[in-house]
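# Summary of the model geometry
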Amino acid sequence: IPTISWQQFQGDYLQKDKFVITVAGAYGKSTTTSMIAKILIDAGLDPTCEVGAEVLEWQNNFRIGKSRYYICESDEYNNNFLNYHPDIAVVLNVDWDHPDFFKTQESVSDSFKKFILNIKPGGILIIPDNLLELKNIRDDIKIYIVGDFSPYNLSIIGDFRSDNANASLTVAKSLKIDLKKAKEAVESFKGAGRRLEYKGEIQRVKFYDDYAVQPYTVKTTANALAKKYKNKKVCLVFEPHTFSRINTFFSDFVSALKNLDVDQILITQVYPAREKGDKEALARKLAKEVGSKATYSGTILQTADYIKNNIADFEIIFSMGAGDSYKLFDLLNR
């Protein structure tokens, strides 16, 4: 595949006879985008797809098709999603994240309104019923409210994934794809990498991994796994991601972690990404505020050593974070 600039990609690829479907929101993008892709693939529409996670069925994060359909995530960070001019825009939520860029919830909402203004005239906006205020931004596009297509028999863990499935099937409805076949595609979807991904088993201990970095997604995802293994001892290894996020939402993180249905929480040092700060001090502070269920466990390597030395105490281990936490299973399996 020849290397081209972003401007060429936008001008020569996306804007020339392409039907662009984008998925936006602070969370849920990868799973929803992957589900939409599977629906179109199984319907024989042969789309090109780009996802912010590995799609397990593809063993890759992209797929090159031969049709005019292009499906992708549209990430709000740095206002990156304003580069897109979709035919169909799915907005899953407008929750506040990336506080290093968005300083307030209002600034997030303003960016999402600009994103909606980028939808092509005559295009489609798909939103859940708690975002009805977004209906009034444009009068030259069609609005679809996310429908309820339950019950589901999903192959992936978590009742909350029905939200992703509902959004995906609403896209199918807007494209007049057979809904029975579309639902079969969603139910057979095998998942995306680092989205409650089963990694394997070591000494009878099952390992899962997830990308969650926000209080809501941490709580929702961890509790979904705990529900699946309600009679097992579940240990969450949580890697805090960026100082700005932890500091801005500190009380929300404390509340979320306190209300997990897991048995133990190991909190590693902060993954700083693009930021600077004391990686240990903030993590220790978080562990202390969460209480007796939480322990500061140091670096990922130190955490792996701790688990190795106490492997008999665990039944399910769940690594979580957007930094180095994905390395934990391999460190334990070497």
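Not measured: the values here are computed from a predicted model. Residue positions are given per chain, counting from 1 as you read along its sequence in written order. The predicted origin of the model limits local features to residues at a pLDDT of at least 70 and limits the giving and counting of side-chain atom pairs to 80 or more, whereas totals for whole chains, interfaces and linings rest on all residues. Values reported for side chains reflect all heavy atoms of the structure, with hydrogen atoms and water molecules removed beforehand.

### Brief notes about the overall build of the protein chain
In plain terms, the rule: Only DSSP runs of H or I reaching four residues or more are called helices, and only runs of E reaching two or more are called strands; each is numbered from the N terminus. Here the globule rule reads 2.2 Å times residues to the power 0.38, and the radius of gyration is calculated from C-alpha atoms. When a residue's accessible area, from a 1.4 Å probe over protein chains only, is under 20% of the maximum for its type it is buried; when over 50% it is exposed; and in between it is partly exposed. In this analysis, two residues are considered to be in contact whenever any of their non-hydrogen atoms come within 4.5 Å of each other. Here the Shrake-Rupley method, with its probe set to 1.4 Å, supplies the accessible areas, and only the displayed protein chains count as covering residues.
Each helix and strand counted, the protein chain has 11 helices and 13 strands in total. Computed over its C-alpha atoms, the radius of gyration of the protein chain comes to 20 Å, within 12% of the 20 Å expected for a compact globule of 334 residues. Along the longest, intermediate and shortest principal axes, the C-alpha atoms of the protein chain span 60 × 40 × 40 Å. Burial analysis of the protein chain (334 residues in total) assigns 55% to the buried set. Long-range pairs, those at least 24 residues apart, make up 68% of the contacts in the protein chain between residues at least 6 apart in sequence. For the protein chain, the computed accessible surface area is about 15,600 Å², with 46% contributed by carbon and sulfur atoms.

### Thoughts on the environment of Gly-147
Position of Gly-147 among the secondary structure elements: in the loop between strand S7 (142-145) and helix H4 (161-174). You can call Gly-147 partly exposed: its relative accessible area is 23%. Considered as a pair, Gly-147 and Ile-311 are 164 residues apart in the sequence and their alpha carbons are 44 Å apart. For Gly-147, the residues in contact, after removing those within four places along its chain, are Asn-166 and Thr-170.

### What to know about the sheet that holds strand S5 (residues 88-91)
Put simply, the rule is: Two strands pair under a simple rule: DSSP has to find at least two bridges between them. Axis lines are fitted through C-alpha atoms, for helices just across the contact stretch, and the angle between N-to-C directions can take any value from 0 to 180 degrees.
Spatially, seven strands are ordered S3-S2-S4-S1-S5-S6-S7 in an open sheet, and the strand pairing comes out mixed. Both edges of this open sheet fall to strand S3 (60-63) and S7, since each of them pairs with a single strand only. Averaged over all neighbouring strand pairs, the angle between strand axes comes to 15 degrees, with direction disregarded. Summarising the sheet, S5 and strand S6 (residues 124-127) pair through three bridges and their orientation is parallel.

### Considerations on the pairing of strand S4 (residues 69-73)
Every other side chain in a regular strand lies on the same face of the sheet, so the side chains alternate between the two faces. For S4, the buried fraction is high: five of the five residues fall into the buried class. As paired elements, strand S1 (residues 19-24) and S4 share five bridges and run parallel to each other. Note on S4: the bridge partner recorded for Val-20 is Tyr-70. One ladder, built from three bridges, connects strand S2 (residues 48-55) with S4; its direction is parallel.

### A closer look at the side chain of Asn-223
What counts, and what does not: Definition of a polar contact: a pair of N or O atoms within 3.5 Å, with one able to donate and the other able to accept a hydrogen when the atoms are protein atoms, and with sequence-neighbouring residues admitted only if both atoms are side-chain atoms.
Here Asn-223 lies in helix H6 (residues 215-228). Polar contacts involving the side chain of Asn-223 include one to the main-chain amide nitrogen of Asp-261, which spans 2.7 Å. Not counting the four nearest positions on each side in its chain, Asn-223 is found in contact with Asn-259, Leu-260 and Asp-261.

### Remarks on the sheet that holds strand S11 (residues 264-268)
Pairing within the open sheet is mixed, and its six strands lie in the order S8-S9-S13-S10-S11-S12. Taken across any chain shown, the strands that pair with only one partner, and hence form the sheet edges, are strand S8 (197-202) and strand S12 (294-298). Between one strand axis and the next, the sheet turns through 25 degrees on average, direction left out of account. Bridge count for strand S10 (residues 234-238) against S11 is four bridges, and the pairing is parallel. Across the sheet, the residue bridging to Leu-236 is Ile-265, located in S11. Its contacts with the sheet place H6 against strand S9 (205-210), S10 and strand S13 (316-320), and it is angled at close to 165 degrees to S13.

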